[in-house]
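Per-entry structural report
The chain contents come next:
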Amino acid sequence: MIVGDLNFVLHNSEKEGGNDMNSSAITVIQNVIQQIGFIDLKFTGDLFTWSNQREGADNIRERIDRSLVNVIWFQCFPDALVHHLTRMDSDHNHLLIVFDPCKVKKKRPYRFFRGWNEHKDYNMFIENAWKMLKMRIDADLHDLLVGLSNDFKD
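All of the points below concern the structure found in this document. This structure is a prediction, so every number in the text was calculated from the model and none was measured.

Looking now at the sheet that holds strand 9 (residues 95–98). Read from one edge to the other, the open sheet built from three strands follows the order 4-8-9, with strand pairing classed as mixed. The open sheet has two edge strands, strand 4 (43–45) and strand 9, and neither has a second partner. Recorded for the sheet is a direction-independent mean angle of 25° between the axes of neighbouring strands. Where strand 8 (residues 81–84) meets strand 9, four bridges bridge the pair, whose relative direction is antiparallel. Bridging across to strand 9, histidine 84 finds its partner in leucine 95.

This part takes up the sheet that holds strand 1 (residues 2–5). Paired through backbone hydrogen bonds, the strands of a sheet run either parallel or antiparallel to each other. Judged by pairing direction, the sheet is antiparallel, and its three strands sit side by side in the order 1-7-3 without closing on themselves. This sheet does not close on itself; its edge strands, each paired only once, are strand 1 and strand 3 (38–40). Looking at each pair of strands side by side, their axes are set apart by 25° on average, direction ignored. Bridge count between strand 1 and strand 7 (residues 65–70): four bridges; the pairing is antiparallel. Counterpart to valine 3 in the pairing with strand 7 is serine 67.

Time to look at the pattern of salt bridges. The tally for this structure, following the rule as stated, stands at eight salt bridges. Across the salt bridge formed by glutamate 14 and arginine 63, the nearest N and O atoms sit 3.1 Å from each other. In this pair, glutamate 14 sits in the loop between strand 1 and strand 2 (15–16) while arginine 63 sits in the loop between strand 6 (61–62) and strand 7, placing the two residues 49 residues apart along the sequence. The class of glutamate 14 is buried, set by a relative accessible area of 4%. By relative accessible area, which is 4% here, arginine 63 ends up buried. Among the ionic pairs, lysine 15 bridges to glutamate 62, the shortest N-O distance being 3.5 Å. A residue pair is termed long-range when its members are at least 10 positions apart, and lysine 15 in strand 2 and glutamate 62 in strand 6 qualify at 47 residues. As far as the burial class goes, lysine 15 and glutamate 62 line up, both buried. Residues joined in a network through salt bridges with shared partners are Glu14, Asp40, Arg63 and Arg66.

Conventions used here
Residues numbered from 1 in each chain as written. Predicted model: local features only at pLDDT ≥ 70, side-chain atom pairs only at ≥ 80, totals over all residues. Heavy atoms only, no water. Pairing = 2+ DSSP bridges. Helix = DSSP H or I, 4+ residues; strand = E, 2+ residues; numbered from the N terminus. Axes fitted to C-alpha atoms, helices over the stretch in contact; angles between N-to-C directions. Salt bridge = Lys/Arg side-chain N within 4 Å of Asp/Glu carboxyl O. Buried < 20%, exposed > 50% of the residue type's maximum accessible area, 1.4 Å probe, protein only.

See the structure below:
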C-alpha cells in the first residue's frame, strides 16, 4: 500500500486551474501503475485533495493524494474506501482509509422500554447509574482542575 502525496494526477479531470496537464505524462504514469499491478482505491469526499489556496482564477486544485494498493492487498480488503477529509491547516486533505466500511459499527439509538420501570429493582438501578455517573463526572472534573492548577504553577 502506498498512501499520501504522490504528486501526480491520473486523469485530466483531477486538475482544475493552472496550466493544462501533459497527456503523455499522464499516460506514462497510468501505464507504470498498471504494469506494477497497483489499483487506485475508491474514495469519498472532495475530488481534489490539494489546493494552492489562492483566490479566483489563480486557484489550482488537484487530486494528488491517493492510496494505491496491489492486487493481493485488494483481495484481502475489497471494500476498502479512502475518505478525503476536510482540509484544515494544510494545503492537502487528510486521507482516512476504512478497510471494511460494512463492519464500521454505527451507534444504535437509545430506546426506553416501558416494561423496564415495572421491574422490582428499577429505582435502585436508576439511582446507582446516576451515582456512578456523578462520581465519574466529579473525578473527571477533579483531574481537570488538578491539571489546570499544575499548568498555572509552571
